[in-house]
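Summary of the model geometry
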Amino acid sequence: MTSHPSALPRVVVLGGGLAGTLAAAALAPHVGEILIVERDSALPQTPAPRARLPQAAHAHTLWAGGADAMEELLPGVTTDWLAAGAHRIPIPNGMVSFSPAGWYRRSWDPTHYVIGAGRDLIDWAVRRRVLGMPNVGLRTRTKITGLAGDGARVRGVYVEQAAHDGQEAPGGPSLVEADLVVDATGRGSKSTRWLLDIGGPEVRETVVDAGVRYASRRYRAPEGAETDWPVVHIPADPRQARPGLFATIIPIEDGQWHVSLSGTRGGEPASREELFEEFARGVRHPLVADLLARAEPISDVSVYARTANHRRQFERAGLPEGFLVVGDATTSLNPVYGHGMSAAALGALALRGQAARTPVAAAGFTSRAQRAMARPTAAAWLLAVGQDRFYPGAIGRKPNLADRLSSQYVHRLVHTATGNGMVVKRVTDVVTLRKPAGILAGPAVLLAAALGPRKPRLDGPELTAREQEVLARPPLRSAETSSATDPR
Ligand SMILES: Cc1cc2nc3c(=O)[nH]c(=O)nc-3n(C[C@H](O)[C@H](O)[C@H](O)COP(=O)(O)OP(=O)(O)OC[C@H]3O[C@@H](n4cnc5c(N)ncnc54)[C@H](O)[C@@H]3O)c2cc1C
């Protein structure tokens, strides 16, 4: 259905994941009707797992920049998360992090936050608000098979019933007409091929793949550690010429810790339960392993390895009118930096801004919106590939002189941030995607980086009395070989 000039445009969003629902939230005030088309058999009405969100088995960091953007799109969603048991964890105080330049201090004033919640809970609260909008509808168990239109304008999509429980669905594809089609089908999007099929442009794609594999498990937090507990993060050091190993604990709802371990090519974690805590002990510091030894595992170990950085530059392709691509379908990022959801939310905010300025069905809307959405995504891309290119066996362009200089500057900044509150704030602004990376090249930050940290390097993590007390308890399991606070 192409709209009558005076009618409000009709939008079809492909994919009912986070990027699709946030795009619907962004467009809803500016269009007539939105239909979200989703291949999954149902989208749960509670914070429950669903088949086509396998990454929910892994710990997710929702940084302040992304959470702020979601709150702006859906006022009240933060209250929903917290009411369902999520934690709003202050940063830097609520994060114990062993950067490649040493332990970050926690004794600065809180300036940022992360939302500590399971991924199913984050998505459920967003979805519930979006599907509650009067002009947003949902069609599940429906698979998109291609675009309708030509290289000048997309006029809809072809859909068919999705296979269910191994049963092929009856019937061939049917056409759903729309004035605007938004592809939010995630990392596996077929948009580049669908565009070629209708005579559209070729889209440039860049891949940087450090070969990261995830292994994750949920634990019941030790008694007394169920709330007001910090995120614990031991990242890899990309400057060392060996596989990068990561370990993270995120406190989530129901008194649980969601724990993700990961390793780049050559250092991938195993899926065997008995090796999980051993891997945690092999990262740059054993703090995560020491904590896990005092907590009770309550889930199997889940593994995941589709983690390459893919950037598809739709904003440069000269797309047909009436077609946009959002979320992982444009840029999928190595998840260890925790930016995919936030980039999708900031992209949706940019989309809403564009829709407020230009009628959605007007000529030029899609190219302007696609360019506006690319900005926050490009920032997250640079943060990810700026590190991933350095890991052994990484696929993609090798680091050049500019990459090396920029990596050295980032290391110098992180070193300075271990003992300078102003630099911590600026670096956190960028890491949480609240501000663009350009702020790290301002005169005050450059001067601070030249002078280095104002406070001495810590020789162990800054832990509260309660955190130390939990660590002083006898381990529930025996793999422990070294002390909780001895840096490696
Ligand atoms: C292991 C792991 C850990 C992560 N950790 C973090 C983190 O800590 N912080 C963070 O911000 N991000 C993290 N991410 C990234 C985050 O999960 C993604 O950026 C986010 O889910 C992107 O959402 P999306 O809606 O674009 O894609 P998806 O979540 O993949 O949703 C796409 C939807 O489209 C549907 N679909 C696909 N094809 C079709 C079709 N042909 N027809 C109909 N429907 C279709 C799918 O069923 C799905 O529902 C992580 C990712 C992984 C894999």
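Residues numbered from 1 in each chain as written. Predicted model: local features only at pLDDT ≥ 70, side-chain atom pairs only at ≥ 80, totals over all residues. Heavy atoms only, no water.

Remarks on the site of the ligand
- Neighbouring the ligand are 31 residues, the closest being Glu 38, Thr 61, Arg 119, Asp 328 and Met 341.
- Here an oxygen atom of the ligand sits 2.9 Å away from a polar atom, N or O, in the side chain of Arg 50.
- When isolated, the ligand has an accessible area of 1,000 Å², and the protein chains bury 94% of it.
- Elements with a minimum of two residues in the shell around the ligand: α1 (18-27), β9 (142-149) and α8 (340-357). (Near = heavy atom within 4 Å. Polar contact = N/O pair within 3.5 Å; in protein donor to acceptor, adjacent residues only side chain to side chain. Areas by Shrake-Rupley, 256 points an atom, 1.4 Å probe, with all protein chains shown as cover. Helix = DSSP H or I, 4+ residues; strand = E, 2+ residues; numbered from the N terminus.)

Remarks on the layout of surface pockets
- Each pocket or cavity is described by its volume, and for the second largest pocket that value is around 250 Å³.
- Contributing to the lining of the second largest pocket are 14 residues, with Asp 237, Gln 240, Arg 242, Val 283 and Arg 284 lying nearest its centre.
- The residue inventory of the lining of the second largest pocket, partitioned by class, reads six nonpolar, three polar and five charged. (1 Å grid on protein atoms, 1.4 Å probe; cavity = no way out; pocket = protein on both sides within 12 Å on 5 of 7 lines; lining within 4 Å. Points joined across faces, edges and corners; volume = space filled by probe spheres on them. Nonpolar A, V, L, I, M, F, W, Y, C, P; charged D, E, K, R; others polar.)

Re the sheet that holds strand β10 (residues 154-161)
- With respect to topology, three strands assemble into an open sheet ordered β9-β10-β11, the strand pairing being antiparallel. In this open sheet, the two edge strands, each paired with only one partner strand, are β9 and β11 (174-177). Across the sheet, the mean angle from the axis of one strand to that of its neighbour is 35°, orientation sign disregarded.
- As judged from the seven bridges shared by β9 and β10, these two strands associate in the antiparallel manner. Within β10, the position partnered with Lys 143 by the bridge is Glu 160. (Pairing = 2+ DSSP bridges. Axes fitted to C-alpha atoms, helices over the stretch in contact; angles between N-to-C directions.)

Things to note about helix α2 (residues 64-73)
- Along α2, seven of the ten residues are buried, which leaves the element largely enclosed by surrounding structure.
- All buried positions along α2 are accounted for by Ala 64, Gly 65, Gly 66, Ala 67, Ala 69, Met 70 and Leu 73.
- Check the buried side of α2 and you find it contacts α1, β3 (62-63), α3 (77-83), β7 (112-116), α4 (119-131) and α8. (Buried < 20%, exposed > 50% of the residue type's maximum accessible area, 1.4 Å probe, protein only. Contact = heavy atoms within 4.5 Å.)

Digging into the domain arrangement of the protein
- Here the protein is described as being made up of domain 1 (10-60 + 121-207 + 307-385) and domain 2 (211-306).
- For domain 1 versus domain 2, the distance between C-alpha centres works out to 31 Å.
- Taken together, the contacts link 15 residues of domain 1 with 16 residues of domain 2.
- For the domain 1 and domain 2 pair, buried surface summed over both sides reaches about 1,300 Å², with 61% attributable to carbon and sulfur atoms.
- Run the count over domain 1 and domain 2 and you get eight residue pairs in polar contact (both at pLDDT 80 or more).
- Per-class residue counts for the side of domain 1 that touches domain 2 are eight nonpolar, six polar and one charged. (Domains from an automatic or database assignment. Buried area = accessible area lost by both parts, 1.4 Å probe.)

Examining the nonpolar core
- Of all hydrophobic cores here, the largest spans 66 residues; its most connected members are Leu 27, Ile 34, Met 70 and Trp 81.
- Take this core: its biggest share by element is eight residues, from α1.
- Counting contributing residues per domain, this core is built from domain 1 (10-60 + 121-207 + 307-385) and domain 2 (211-306), each supplying no fewer than three.
- Excluding residues that lie within four positions of it along the chain, Leu 27 makes contacts with Val 11, Ile 34, Leu 180, Val 182, Leu 351, Ala 355, Val 360 and Phe 365.
- Judged by nonpolar contacts, the second largest core, of 30 residues, contains Val 232, Ala 247, Ala 280 and Leu 458. (Core = buried A, V, L, I, M, F, W, Y, C linked by side-chain atoms within 4.5 Å.)

Points about empty space enclosed by the protein
- Counted under the stated rule, the structure contains two cavities of 30 Å³ or more.
- If you add up the space inside the largest cavity, you get close to 200 Å³.
- Lining the largest cavity are 22 residues, and of these Val 326, Gly 327, Thr 330, Met 373 and Thr 377 lie nearest its centre.
- Looking at the lining of the largest cavity, its residues break down into eleven nonpolar, seven polar and four charged.
- The calculated volume of the second largest cavity comes to roughly 40 Å³.
- For the second largest cavity, the full set of lining residues is Val 96, Trp 229, Pro 230, Val 232, Leu 287, Leu 291, Leu 463, Glu 467 and Leu 471.
- Listing elements by their share of the lining of the second largest cavity, those giving two or more residues are α7 (287-292) and α13 (465-472).

A short note on helix α9 (residues 365-388)
- With 24 residues, α9 should cover 34 Å at 1.5 Å per step; its first-to-last C-alpha distance of 34 Å lies within 8% of that length.
- Residue Arg 375 marks the point of greatest curvature in α9, where the axis turns by about 35°; the proline Pro 376 follows within four residues. (Expected span 1.5 Å × (residues − 1). Bend = angle between axes of the 7 residues up to and from the residue.)

Digging into the pairing of strand β15 (residues 231-234)
- Side chains of β15 alternate between two faces, with Val 231 and His 233 and Val 232 and Ile 234 buried alike.
- Examined bridge by bridge, strand β5 (residues 95-99) and β15 share three bridges and lie parallel to one another. Residue pairing across strands places Ser 97 opposite His 233, the latter belonging to β15.
- With three bridges joining them, β15 and strand β16 (residues 245-252) adopt antiparallel strand pairing. Within the sheet, the bridge partner assigned to His 233 lies in β16 and is Thr 248.

Description of the pairing of β16
- With seven of its eight residues buried, β16 lies for the most part within the structure.
- Of the strand pairs in this sheet, β16 and strand β17 (residues 256-263) are connected by eight bridges, and their pairing is antiparallel. By the bridge assignment for β17, Phe 246 is matched with Ser 262.
- Hairpin connection of β16 to β17: three residues between the antiparallel strands, including Asp 254 at a positive phi of 60°.

A look at the packing of aromatic side chains
- If you walk through the whole model with that rule in mind, you get four aromatic pairs.
- Both rings, one in Phe 98 and one in Trp 103, keep their centres 4.5 Å apart while their planes meet at 25°; by these two values the pair is stacked.
- With relative accessibility at 4%, the residue Phe 98 sits in the buried group.
- Classification of Trp 103 by relative accessible area gives buried; the value is 2%.
- For Arg 88, the ring lying beneath its charged end belongs to Tyr 113, and the centroid distance is 3.7 Å. (Phe/Tyr/Trp six-rings, centres within 6.5 Å; stacked < 30°, edge-to-face > 60°. Lys NZ or Arg CZ within 6 Å of the ring centre and 35° of its normal.)

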